[in-house]
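Structural description and commentary
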Amino acid sequence: MVTAGAALADEVGFANLTMGLLAERVGVRTPSLYKHVGGQDDLNRRIAALALNEAADAVGGAVQGYAGRDALAAAARAFRSFVLEHPGRYAATIGEEPSGPDDPMATAGQRLLGAFTAVLRGYEIADRDVNHALRMLRSLCHGFATLQAADGFQWSTDVDESFEWLIAFADRGLRAM
């Protein structure tokens, strides 16, 4: 049911996902969904955990065998591709807080964070600055990908060229640390 909900969120937008719409999509009456999820909030949290795990798989797999700028580029491209392919499920991850350390969202979020932390190992980042570097990477990748997914870049410059510029900019900044 969660996978169907995530696919529907990608199609109609996370903000438009409802239990009724999901029930209609899977061909059941809305009360039947409650056998699988505890309600809209539970569905949303499960979609967020699914999305974080899928993003962690994409980014983690992309960086295998790479270091430095190559790892950064692989991670950024994988993250961007995930957001562009799954904008609804990715939107479920924004603003949703894990209920505790055992929450599937927390575990999945740590996996994604771990993939980006692995990228930083290719740079000489002081331990005290790792969290700042992670926030910078998240801001750059998240901002670019979500703007692109929302058709926020409507001028003539090639978007892929701009993204490669962003990667080069981040690499220079991380090297300067």
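Before any of the text, the structure's been laid out above.
I will try to describe carefully the structure that is included in this document. It should be emphasised that the depicted structure is a prediction, and the values quoted were computed from it without experimental measurement.

Next up on the list: the overall build of the protein chain. A count of helical and extended segments in the protein chain gives nine helices and zero strands. Helices (α) and strands (β) of the protein chain occur, in sequence order from the N terminus, as α-α-α-α-α-α-α-α-α. Going through the 177 residues of the protein chain one by one, you find that 41% of them count as buried. Sequence-distant contacts, at least 24 apart, represent 66% of the contacts inside the protein chain between residues at least 6 apart. With the model as given, the accessible surface of the protein chain reaches about 9,700 Å², and the carbon-plus-sulfur share is 51%.

This paragraph deals with the packing of aromatic side chains. The full count for this structure, using the stated rule, is six aromatic pairs. When the ring of Phe144 is compared with that of Phe153, the centres are 4.8 Å apart and the planes differ by 40°; the resulting orientation is tilted. A relative accessible area of 22% places Phe153 in the partly exposed class. Cluster of aromatic residues (ring-pair linked, three or more members): Phe144, Phe153, Trp155 and Phe163. Between the NZ or CZ atom of Arg80 and the centre of the ring of Phe163, over which it lies, the distance is 4.5 Å.

Okay, the packing of helix α5 (residues 68-85) against helix α9 (residues 159-176) next. One way to put it is that α5 packs onto α9 with a least axis distance of 10 Å and a crossing angle of 135°. Regarding the angle of α5 to α9, the classification is oblique. Relative to α9, the crossing made by α5 is right-handed. Seen from α5, the contacting residues are Arg69, Leu72, Ala73, Ala76, Arg77 and Arg80; seen from α9, they are Val159, Asp160, Phe163, Glu164, Ile167, Ala168, Ala170, Asp171, Leu174 and Arg175. The residue makeup of the contact of α5 with α9, split by class, is nine nonpolar, no polar and seven charged.

Taken N-terminus to C-terminus, the directions of helix α7 (residues 104-120) and helix α8 (residues 130-149) make an angle of 110°; their axes are 10 Å apart at the nearest point. Here α7 is positioned roughly perpendicular relative to α8, judged by the angle of their axes. In this structure, the crossing between α7 and α8 has a hand that is right-handed. In this structure, α7 uses Leu113, Phe116, Thr117 and Leu120 to contact α8, whose residues at the interface are Val130, Ala133, Leu134, Leu137 and Cys141. Here the residues of the contact of α7 with α8 sort into eight nonpolar, one polar and no charged.

With that out of the way, let us pick up the side chain of Asp10. Its location among the elements puts Asp10 in helix α1 (residues 2-12). Aside from chain neighbours lying at most four places away, what touches Asp10 is Glu85, His86, Pro87, Gly88 and Arg89.

For the rest of this paragraph, the subject is α7. Each α-helix turn comprises 3.6 residues. Residues three or four places apart therefore point the same way. For α7, which comprises 17 residues, the first-to-last C-alpha distance of 25 Å matches the rise-based estimate of 24 Å (1.5 Å per residue) to within 8%. Taken residue by residue, α7 has Met105, Ala106, Ala108, Leu112, Ala115, Phe116, Val119 and Leu120 as its buried positions. Residues of α7 that are buried make contact with α4 (40-63), α5, α8 and α9. With a side-chain oxygen lying 2.7 Å from the backbone nitrogen of Met105, the N-terminal cap of α7 falls on Asp103.

The rules behind the values
- Residues numbered from 1 in each chain as written.
- Predicted model: local features only at pLDDT ≥ 70, side-chain atom pairs only at ≥ 80, totals over all residues.
- Heavy atoms only, no water.
- Helix = DSSP H or I, 4+ residues; strand = E, 2+ residues; numbered from the N terminus.
- Buried < 20%, exposed > 50% of the residue type's maximum accessible area, 1.4 Å probe, protein only.
- Contact = heavy atoms within 4.5 Å.
- Areas by Shrake-Rupley, 256 points an atom, 1.4 Å probe, with all protein chains shown as cover.
- Phe/Tyr/Trp six-rings, centres within 6.5 Å; stacked < 30°, edge-to-face > 60°.
- Lys NZ or Arg CZ within 6 Å of the ring centre and 35° of its normal.
- Axes fitted to C-alpha atoms, helices over the stretch in contact; angles between N-to-C directions.
- Parallel < 35°, antiparallel > 145°, perpendicular 65-115°, else oblique.
- Left-handed = near helix turned anticlockwise from the far one by under 90°.
- Nonpolar A, V, L, I, M, F, W, Y, C, P; charged D, E, K, R; others polar.
- Expected span 1.5 Å × (residues − 1).
- Polar contact = N/O pair within 3.5 Å; in protein donor to acceptor, adjacent residues only side chain to side chain.

Shape descriptors only; they carry no functional weight alone.
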